[in-house]
Amino acid sequence: MQDYIAVIQAGGEGTRMRSLTKGVIPKPMLKMNGKPLLQWQIENIAAYGIKNFVIIVGYLGEKIKQYFGTGERLNVRIRYIEEREPLGSAGALFFLKEICPEKDFLLIFGDVIFDIEWERMAAFHEKNKALATLLVHPNSHPYDSDLVILAADDKVQAMDSKKNQRSGWYENLVNSGIYIFNHKLLENIVSPTKLDLEKDVLMPLLPGGNIYGYRTPEYVKDVGTPERFAQAGKEQRAGILAEKSLKNRQKCVFLDRDGTVNTYEGLLYRENQLKLIDGAAEAIKKLNASSWLVIVVTNQPVVARGMCGIEDVKNIHRKMQVLLGEKGAFLDDIVFCPHHPDRGHPEENPVYKVNCECRKPATGMIDKMAGKYNIDLEKSYIVGDSTMDIQTGVNAGLKTILVKTGQAGTDHKFHVSPDKIVNDLAEAVEYILANA
């Protein structure tokens, strides 16, 4: 990745952080576990071969320049763009045309802490020949975050500002403040005037279809408030940042949906049928606070039966994400199988009446997520309410937990014993965390 330039926006005043900055230090220079936040950013990026940095400075920018200088101490080269007046989140990018023309670049905001496997994101960006790639992820507060809406091919369809009044269900997919840009993006910044990156630069480009979202469960957190800064420091000390980097093998708790996360309703095909099981959100939140990934894997034969369509299932999942988000919990991903092999239902959809490799107890959904997120299946769990879930776990090489909610194993489709039987998801999570 040595051909990339890394650009860090570090010019803001940080009014929400004044209780920590005291007006004498720029917020990217606040120390987290002994190092300025800006240094953590530079060191993570430099570890992947990127040695050329541009830091955009403004408020108290001399403090940043005094500390980092030319970057020699960190074995990198640092150049600076000085904002004489605030130019928003994109105006100062105009000067990159002179500093590093014809160079693709990373853009990072100075109040984000992360530990990212950059080569994966760069490979995604290059494979799609993207003009811009946004790092997107779920978080614990989607209701006050800027959301990104992706198409099935990961192209960005729309951006939903946190300032908008949201009336429907939405996917918990948040714009993280981390980007990779092709240098041609700069053609759309014609002068060094105050510009908003999303509103003035990216959103007008969406109809062109060359803006992509790269989804990752890695640790990326906006630490622009004292509370979030303190929490991130605690999680960094616990090793969670480093463990969640996709350069490392991940541990995952795969969750069945119906009867495990939400109440069992038989064939659930309408959004108003979905209700979370008491304590499920709180249990998932505990996993979110650890280094475990949480992914829902669910059979949804209601599509093959003709009871609803793919978009209806996705909307049910949006409702689930909103309900979880309201309680500070999130899912790292959701994958479902719409197929069913048996024919003969009068309203069935023949497109989905097929034998497949994704329908549990086959392991297609598990295998897909394992490849996408570098998951170590031997160290991971599946939690479900049916013998089919347990058989899926056995087939995939997972540890298995049966919950007594939902079907509570009474489906008797498979003669297989789980590794553990518990009352509900809350008890399953306590067991997993205690035996990690």
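Scoring rules and cut-offs
Sequence order sets the numbering: in each chain, residues are counted from 1 along the sequence as written. Under the rules for a predicted model, residues below a pLDDT of 70 receive no local features and side-chain atom pairs below 80 are neither given nor counted, while totals for whole chains, interfaces and linings still include all residues. Calculated side-chain values reflect all of the structure's heavy atoms, with hydrogen atoms and water omitted. The secondary structure listing takes helices from DSSP runs of H or I that are at least 4 residues long and strands from runs of E that are at least 2 residues long, numbered from the N terminus. Values of the radius of gyration come from C-alpha atoms, whereas the globule rule sets the reference at 2.2 Å times the count of residues to the power 0.38. Remark: exposure states derive from per-residue accessible area (1.4 Å probe, protein chains only) relative to the maximum for the residue type, with buried under 20%, exposed over 50%, and partly exposed in between. Throughout, a contact is declared for two residues whenever any of their heavy atoms are within 4.5 Å. Note on areas: these come from Shrake-Rupley sampling with a 1.4 Å probe, and a residue is covered only by the protein chains present in the view. Only four residue types enter the tally: Lys and Arg on the positive side, Asp and Glu on the negative side; His and the chain ends are excluded. Taken as the charge location is NZ of Lys, CZ of Arg, CG of Asp or CD of Glu. The definition used for a disulfide is geometric: two cysteine sulfur atoms within 2.5 Å. A pair of strands is labelled paired if DSSP reports no fewer than 2 bridges between them. What the arc covers is the set of directions going from the helix axis to the C-beta atoms. Under the rule applied, a polar contact is a pair of N or O atoms within 3.5 Å (in protein, one hydrogen donor and one hydrogen acceptor; residues adjacent in sequence only if both atoms are side-chain atoms). Take the buried Ala, Val, Leu, Ile, Met, Phe, Trp, Tyr and Cys residues and link them wherever side-chain atoms come within 4.5 Å; each set so joined is a nonpolar core. In summary, the pairing rule links any two rings of Phe, Tyr or Trp, Trp by its six-membered ring, whose centres are within 6.5 Å, and it sorts them by plane angle into stacked for under 30 degrees, edge-to-face for over 60 and tilted for everything else. A ring has a charge above it when a Lys NZ or an Arg CZ is no more than 6 Å from the ring centre and no more than 35 degrees off the ring normal. Residues are called lining when one of their atoms sits within 4 Å of a cavity or pocket point, these points coming from a 1 Å grid over the protein atoms alone, where a cavity is a set in which a 1.4 Å probe fits but cannot get out and a pocket is an open set with protein on both sides within 12 Å along at least five of seven lines. Grid points are joined across faces, edges and corners, and a volume is the space filled by probe spheres set on the points. All amino acids are sorted into three groups, where Ala, Val, Leu, Ile, Met, Phe, Trp, Tyr, Cys and Pro are nonpolar, Asp, Glu, Lys and Arg are charged, and the leftover types, Gly among them, are polar. Only the stretch in contact is used when a helix axis is fitted, and all axes are lines through C-alpha atoms; the angle between N-to-C directions ranges over 0 to 180 degrees. Each angle gets one of four labels, with under 35 degrees taken as roughly parallel, over 145 as roughly antiparallel, 65 to 115 as roughly perpendicular, and the rest as oblique. If you view the pair so one helix is near and one far, a crossing is left-handed when the near helix is turned anticlockwise from the far one by less than a right angle, and right-handed when it is turned clockwise. Any residue with relative accessible area above 30% and no salt bridge may belong to a patch, with like charges joined within 9 Å and the nonpolar Val, Leu, Ile, Met, Phe, Trp and Tyr side chains within 5 Å. By salt bridge we mean one thing: a side-chain nitrogen of Lys or Arg within 4 Å of a carboxyl oxygen of Asp or Glu.

J.: Where do I start with the overall build of the chain in this structure?
T.: A count of helices and strands for the chain gives 13 helices and 19 strands. Expected size for 436 residues packed as a compact globule is a radius of gyration near 22 Å; at 23 Å, the chain falls within 12% of this value. Principal-axis analysis of the C-alpha atoms gives the chain an extent of 70 × 45 × 40 Å. Among the 436 residues that make up the chain, the fraction classed as buried is 56%. Of the contacts formed within the chain by residues at least 6 apart in sequence, a portion of 72% connects residues at least 24 apart. Split by element, the accessible area of the chain, about 18700 Å² in all, is 48% carbon and sulfur. Within the chain, one finds 55 positive and 56 negative side-chain charges whose respective centroids are separated by 3 Å.

J.: Honestly, the state of the cysteines in this entry has me stumped. Any pointers?
T.: By definition, a disulfide links the sulfur atoms of two cysteine residues through a covalent bond. A complete count under the given rule lists zero disulfides for this structure. Here Cys252 is not cross-linked by a disulfide; its sulfur's nearest cysteine counterpart is in Cys358, at 17 Å. With no disulfide of its own, Cys337 lies 3.2 Å from the sulfur of Cys358, the closest cysteine sulfur. Looking at Cys337, the relative accessible area reads 0%, which means it is buried.

J.: Could you clarify how one ought to interpret the pairing of strand β12 (residues 211-215) in this entry?
T.: Regular strands place side chains that alternate from one sheet face to the opposite one. Of all five residues that make up β12, five are buried, and the element is covered over most of its length. Burial along β12 is two-sided: the face carrying Ile211, Gly213 and Arg215 and the face carrying Tyr212 and Tyr214 are both buried. With five bridges joining them, strand β8 (residues 132-137) and β12 adopt parallel strand pairing. In the strand pairing of β12, Thr133 is matched with Tyr212.

J.: Help me understand helix α5 (residues 118-127) in this model?
T.: One full turn of an α-helix is made of 3.6 residues, so residues set three or four places apart face in the same direction. Every buried residue belonging to α5 is among Trp118, Met121, Ala122, Phe124 and His125, and all of these are buried. Projected down its long axis, α5 carries its buried residues within an arc of 160°, all on one side. One side-chain oxygen of the residue at the start of α5 lies 2.8 Å from the amide nitrogen of Glu119, identifying that residue as Glu117.

J.: Please explain the nonpolar core as it appears in this structure.
T.: Across soluble globular proteins, you tend to see nonpolar side chains buried next to one another. Grouped together as the largest cluster of nonpolar side chains are 91 residues, with contacts concentrated most on Ile42, Leu93, Trp118, Ile178, Leu197, Phe254 and Ile375. In this structure, Leu93 is in contact with Val7, Ile56, Leu107, Leu186, Ile189 and Leu197, ignoring residues within four places of it in sequence. Counting 31 residues, the second largest nonpolar core, distinct from the first, contains Val261, Ile284, Leu425 and Val429.

J.: Even after reading the chapter, I still don't get helix α2 (residues 37-46), so can you show me in this structure?
T.: Counting buried positions along α2 gives eight out of ten residues, so the element sits mostly inside the fold. Those residues of α2 that fall on the buried side of the exposure criterion are Leu37, Leu38, Gln39, Gln41, Ile42, Asn44, Ile45 and Ala46.

J.: Help me out: how do you make sense of the packing of aromatic side chains in this one?
T.: Think of a pair of aromatic rings as described by two things: how far the centres are apart, and how the planes are tilted against each other in angle. Under the criterion given, the structure shown has nine aromatic pairs. Considering the side-chain rings of Phe109 and Tyr179, the 6.2 Å spacing of their centres and the 70° angle between planes classify their relative orientation as edge-to-face. Taken together, the positions of Phe109 in strand β6 (residues 105-109) and Tyr179 in strand β11 (residues 174-181) put the pair 70 residues apart, joining distant regions of the chain. In terms of burial, Phe109 and Tyr179 fall into one category: buried. Each ring, one from Phe124 and one from Tyr214, has its centre 5.4 Å from the other, and the planes form 55°; the classification is tilted. Taken together, the residues Phe124 in helix α5 and Tyr214 in strand β12 connect sequence positions 90 residues apart. We note that Phe124, like Tyr214, is buried. Among the aromatic residues, ring-to-ring pairing joins Phe105, Phe109, Tyr179 and Phe181 into one connected group. The lysine or arginine in question, Lys65, covers the ring of Tyr80, its NZ or CZ lying 5.7 Å from the ring centre. Between the NZ or CZ atom of Arg166 and the centre of the ring of Tyr170, over which it lies, the distance is 5.3 Å.

J.: So what exactly am I meant to see when it comes to the side chain of Gln273 here?
T.: Within the secondary structure, Gln273 sits in the loop between β14 (252-255) and α9 (280-288). Within polar-contact distance, the side chain of Gln273 engages the backbone nitrogen of Tyr269 at 2.7 Å. Those residues within four positions of Gln273 in sequence are excluded, and the remaining contacts are Thr263, Glu265, Leu267 and Leu268.

J.: I would appreciate a short explanation of the layout of surface pockets in the present structure.
T.: Using a probe with the size of a water molecule, rolled over the atoms, empty space left in the structure can be pinpointed. There is about 1200 Å³ of room inside the second largest pocket. Every residue lining the second largest pocket is counted, 36 residues in all, and those nearest its centre are Ala151, Asp154, Glu171, Arg215 and Asp333. At the level of secondary structure, the elements contributing two or more residues to the lining of the second largest pocket comprise α5, β9 (147-150), β10 (156-160), β12, α10 (310-326), β16 (333-337) and α11 (364-373). At six residues, α10 tops the list of elements feeding residues into the lining of the second largest pocket. Looking at side-chain class alone, the lining of the second largest pocket contains 18 nonpolar, six polar and twelve charged residues.

J.: So what exactly am I meant to see when it comes to the packing of α2 against helix α3 (residues 61-68) here?
T.: Any two packed helices are characterised by how steeply their axes cross, that is the angle between the axes, and by the distance between the axes. The geometry of α2 relative to α3 is characterised by a closest axis approach of 11 Å and an angle of 50° between their N-to-C directions. One element, α2, and the other, α3, form an angle in the oblique class. Seen along the crossing, α2 lies across α3 with a hand that is right-handed. For the pair α2 and α3, contact is made by Leu38, Gln39 and Ile42 and by Ile64, Tyr67 and Phe68, respectively. For the contact of α2 with α3, the per-class residue count stands at five nonpolar, one polar and no charged.

J.: Help me understand unusual backbone geometry, please; the structure alone is not making it clear to me.
T.: If a residue is not glycine, its phi is most likely negative; likewise, a peptide bond is most likely trans. A cis amide bond, omega 15°, links Lys360 with the succeeding residue Pro361. Assignment of secondary structure puts Pro361 in the loop between β16 and α11.

J.: What's the story with a positive patch on the surface in this structure? I'm lost.
T.: Among the surface-exposed residues, Arg16, Lys162, Lys163 and Lys199 lie close enough to one another that they form a single positively charged patch. Secondary-structure assignment places Lys163 in the loop between β10 and β11. Classification of Lys163 as exposed rests on a relative accessible area of 76%.

By themselves, these observations are geometric and do not establish any function.
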